[in-house]
Amino acid sequence: MKTIPRLRFAHLPTPVETLPRLAAALGGPKLLIKRDDQTGLALGGNKTRKLEFLLAEAQANGARTLITAGAIQSNHCRQTAAAAARQGFGCILVLNAPEGQSVAEASLQPLSGNLLLDRLMGAEIVWTTLEERQHTLQATFQSAWQDGKRPFLIPYGGSNAVGASSYAFAIQEMIDQEIHPDWIVFPSSSGGTQAGMALGARLFGFNGQVLGISVDEQASVLQSRVANLANETAEFLGEKQRFEAGDILVNDGYLGGGYGVMGEPEREAVNLFARHEGILLDPVYTGRAAAGLIDLIRKGQFAAGETLLFWHTGGAPALFAERYRQVA
Ligand SMILES: *Cc1c(COP(=O)(O)O)cnc(C)c1O
């Protein structure tokens, strides 16, 4: 395998813990959790792994400013702002105004959750609407370029071959920890995490199932996206693996009210993890994936002797966002 340039700022390996009290409460199979919410960078999360590779590329390109885009409570944007501060880059975040709000209204809203942390870590915030997003991103990049800021674009969710390769190595890390679950379950959205895991499973000989719970996309759409990205990632690493959409396991039964909408299943899941194990999930990603996991356990989808590993991808700062007050 090719050696890939990488900076080192994540706290790795992340711990793996058992969840005996939650497992007992659900009356299901053995539960493990891999704590990628503890990657150490400004409250952590799965984007920290991706950013170790993406920032190495930015540095090699002589970049001085990182630009990325996301939702108002984006964990990806918060971790990018943190990585930029840590490694001495400037950071510009292009954030979508919440639905129904103008750019002017969005820029006046009170800071909370991830948005507060973005500001705290010195990121410049550019607001846009969903329709204008691509245009705003391009215009922001161009103007940063003209101002001599040497911008470097980090893709949405950090999900290109460079970012996704980090999750192939995360599978290697889990195997090195001598953890061999029958299932890995986690939230999947822009697909980089799942693409990396799917590739890592093949490259490092993980024989269990890698099941992404879709956060905001129909299964067929997400499966093709992940398969394409896994192929690009394999190529990037100089490996010959090929993936078809059918190789990628996605459950889209838990889309609820759409992206970022906390419903009763997410609320229940966040509360169960908090009350039985003292572990904080988030209302958008891990709460939704855990709601799926809990439902599948209750429906008896897993055999009694199986071990499930819930891969915690982070996101808890959103618990402190104004809009998720109802969680407790
Ligand atoms: C971004 C994110 C995900 C989704 O990861 P992708 O690689 O975009 O599929 C899951 N959980 C949390 C907390 C995230 O911030």
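Residues numbered from 1 in each chain as written. Predicted model: local features only at pLDDT ≥ 70, side-chain atom pairs only at ≥ 80, totals over all residues. Heavy atoms only, no water.

Some thoughts on the pattern of salt bridges
Moving on, step 1. Taken as a whole and judged by the stated rule, the model has 14 salt bridges.
Moving on, step 2. Close ionic contact of E173 with K34 constitutes a salt bridge, the shortest N to O distance being 2.7 Å. Taken as a pair, E173 in helix 7 (residues 161–176) and K34 in strand 2 (residues 30–35) lie far apart in primary sequence, 139 residues in all. Comparing E173 with K34 shows no difference in burial state: the two are buried. (Salt bridge = Lys/Arg side-chain N within 4 Å of Asp/Glu carboxyl O. Helix = DSSP H or I, 4+ residues; strand = E, 2+ residues; numbered from the N terminus. Buried < 20%, exposed > 50% of the residue type's maximum accessible area, 1.4 Å probe, protein only.)

Here we look at the site of the ligand
Moving on, step 1. Taken together, 16 residues lie near the ligand, and K47, K50, S190, T193 and T313 sit nearest.
Moving on, step 2. At 3.1 Å, a side-chain N or O of N46 approaches an oxygen atom of the ligand.
Moving on, step 3. Considering the ligand on its own, with 380 Å² of exposed area, one finds that the protein chains cover 98% of that surface.
Moving on, step 4. Contributing elements (two or more residues each) for the shell around the ligand: helix 2 (46–60), strand 7 (183–188) and helix 8 (192–204).
Moving on, step 5. Per-element accounting of the shell around the ligand gives the leading share, three residues, to helix 2.
Moving on, step 6. Split by residue class, the shell around the ligand holds two nonpolar, 12 polar and two charged.
Moving on, step 7. Formed jointly, the shell around the ligand draws a minimum of three residues from each of two domains, domain 1 (16–45 + 159–324) and domain 2 (47–158). (Near = heavy atom within 4 Å. Polar contact = N/O pair within 3.5 Å; in protein donor to acceptor, adjacent residues only side chain to side chain. Areas by Shrake-Rupley, 256 points an atom, 1.4 Å probe, with all protein chains shown as cover. Nonpolar A, V, L, I, M, F, W, Y, C, P; charged D, E, K, R; others polar. Domains from an automatic or database assignment.)

Any functional reading would require information beyond the geometric quantities listed.
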